[in-house]
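Chain by chain, the residues run as shown.
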Amino acid sequence: MPDLHQENKVFLVSAIRDIFLGFLDVLYPRHCFACDKSLHEEQNTYICESCMKIIEEPEAKRCSKCGLKTGPGIASSSKGCPECKNTNLRFEKCFFVSDNIEPVKTLIHQFKYKKHICLATPLGSLLINHLHKKTIGKIDSVVPVPLHWKKKQERGFNQSELMAKKISNELSIPISTNNLFRAKNTLSQTQLSRTQRQENVKGAFKVKNPEIFYQKNILLVDDVLTTGMTASECAKSLKNAGTNKVFLIALARSKM
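Predicted model only: the values in this text are computed from it and were never measured.

Another aspect to go through is the pattern of salt bridges. Under the counting rule described, the total for this entry stands at eight salt bridges. Residue E161 is joined to K152 by a salt bridge in which the shortest nitrogen-to-oxygen separation is 3.0 Å. Residue class for K152 comes out partly exposed when judged on its relative accessible area of 32%. Residue K165 pairs with E161 through a salt bridge whose shortest N-O separation is 3.3 Å. Here K165 and its partner E161 are both found in helix α6 (residues 159–171), four residues apart, which amounts to about one turn of the helix.

What follows concerns the packing of helix α7 (residues 194–201) against helix α9 (residues 229–240). It is the contact of α7 with α9, at a shortest axis distance of 9 Å, that shows an interaxial angle of 35°. Handedness of the α7/α9 crossing: right-handed. Where α7 abuts α9, its residues R194, R197, Q198 and V201 lie against M229, T230 and E233. Residues of the contact of α7 with α9, tallied by class, amount to two nonpolar, two polar and three charged.

A few words on the confidence of the model for the protein chain. Confidence in the prediction of the protein chain, expressed as mean pLDDT, is 86, and 85% of residues score 70 or more. The least confident element of the protein chain, judged by mean pLDDT, is helix α1 (residues 4–27) at 52; the most confident is strand β2 (residues 141–144) at 98.

The geometry of helix α4 (residues 120–132) relative to α6 is characterised by a closest axis approach of 8 Å and an angle of 55° between their N-to-C directions. Judged by the inter-axis angle, α4 sits oblique to α6. Considering how the two elements wind past one another, α4 and α6 form a crossing that is right-handed. Across the interface between the two elements, A120, T121, L123, G124, S125, L127, I128, L131 and H132 from α4 touch L162, M163, K166, I167, E170 and L171 from α6. Of the residues in the contact of α4 with α6, the class split is nine nonpolar, four polar and two charged.

Moving on, we get to the sheet that holds strand β5 (residues 217–225). If you walk across this open sheet you meet the four strands as β1-β6-β5-β2, and the pairing is parallel. Each edge of the sheet is formed by a strand with only one pairing partner; in this case those strands are β1 (93–99) and β2. Mean inter-strand twist for the sheet, computed between neighbouring axes without regard to direction, equals 20°. Judged from the eight bridges that link them, β5 and strand β6 (residues 245–253) form a sheet pairing that is parallel. Following the sheet pairing, N217 is matched in β6 by K245. Against the sheet, helix α3 (residues 104–112) contacts β1, β5 and β6, and its axis sits at roughly 100° relative to β6.

Following the sequence through the fold, H148 ends up in the loop between β2 and α5 (149–155). Along the backbone, H148 and K184 are 36 residues apart, and their C-alpha atoms lie at a distance of 6.8 Å. If we ignore the near neighbours within four places in the chain, the residues touching H148 are R182, A183, K184 and N185.

What counts and what doesn't
- Residues numbered from 1 in each chain as written.
- Predicted model: local features only at pLDDT ≥ 70, side-chain atom pairs only at ≥ 80, totals over all residues.
- Heavy atoms only, no water.
- Salt bridge = Lys/Arg side-chain N within 4 Å of Asp/Glu carboxyl O.
- Buried < 20%, exposed > 50% of the residue type's maximum accessible area, 1.4 Å probe, protein only.
- Helix = DSSP H or I, 4+ residues; strand = E, 2+ residues; numbered from the N terminus.
- Axes fitted to C-alpha atoms, helices over the stretch in contact; angles between N-to-C directions.
- Left-handed = near helix turned anticlockwise from the far one by under 90°.
- Contact = heavy atoms within 4.5 Å.
- Nonpolar A, V, L, I, M, F, W, Y, C, P; charged D, E, K, R; others polar.
- pLDDT = per-residue confidence, 0-100.
- Parallel < 35°, antiparallel > 145°, perpendicular 65-115°, else oblique.
- Pairing = 2+ DSSP bridges.

Pasting the structure below:
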């Protein structure tokens, strides 16, 4: 027989929660973090339905290696497309929710620089939804691209780590947040050329205990990939530690 007491309890908790959220909506009206549209009439908490539709539009054909869009007649293989086949990217494949355009671009900015860490939940969900559409195979560990401890202390959090934790919790995959670490406090990659980026991150990442990653398939998590140099250097260190395969998933793919 159904437990009526338990059902009533669940209903009461749900009703109280709805009243509380409604009260908060009056005091602190919710707005979309991407376009600032009011969310008062919507179920979504952080991103409006219009922006979500744009984000979830069918993606263009991409190079499986570097993630750049590939036009008609442009071939892409496991070695990459004409843009990346000679760059020696060390990860097997990469996956992206979107190009680094609106509304994803603003959401990342709000998350990363405005420190709206609540966005880790919906942005992490976007990564998870994207993973469900792909065939990757068994993943043994989720690993965020690490920040140097000084940078993390300055920002207060690692955005990639917060999203990686969401993926780990939802998909029940173990996460490693400190075995791969950034040994060098490198310059920001933003204003650097491809060659400068590669040199900037050379030797920047180390693995503390190689046995933890030995023969494992790793899902590397980042927010934005531009040239792939940072993620590739991470993959290089992971493979030097005995990792089997490294796959990358990021929110956005930017192009220099």
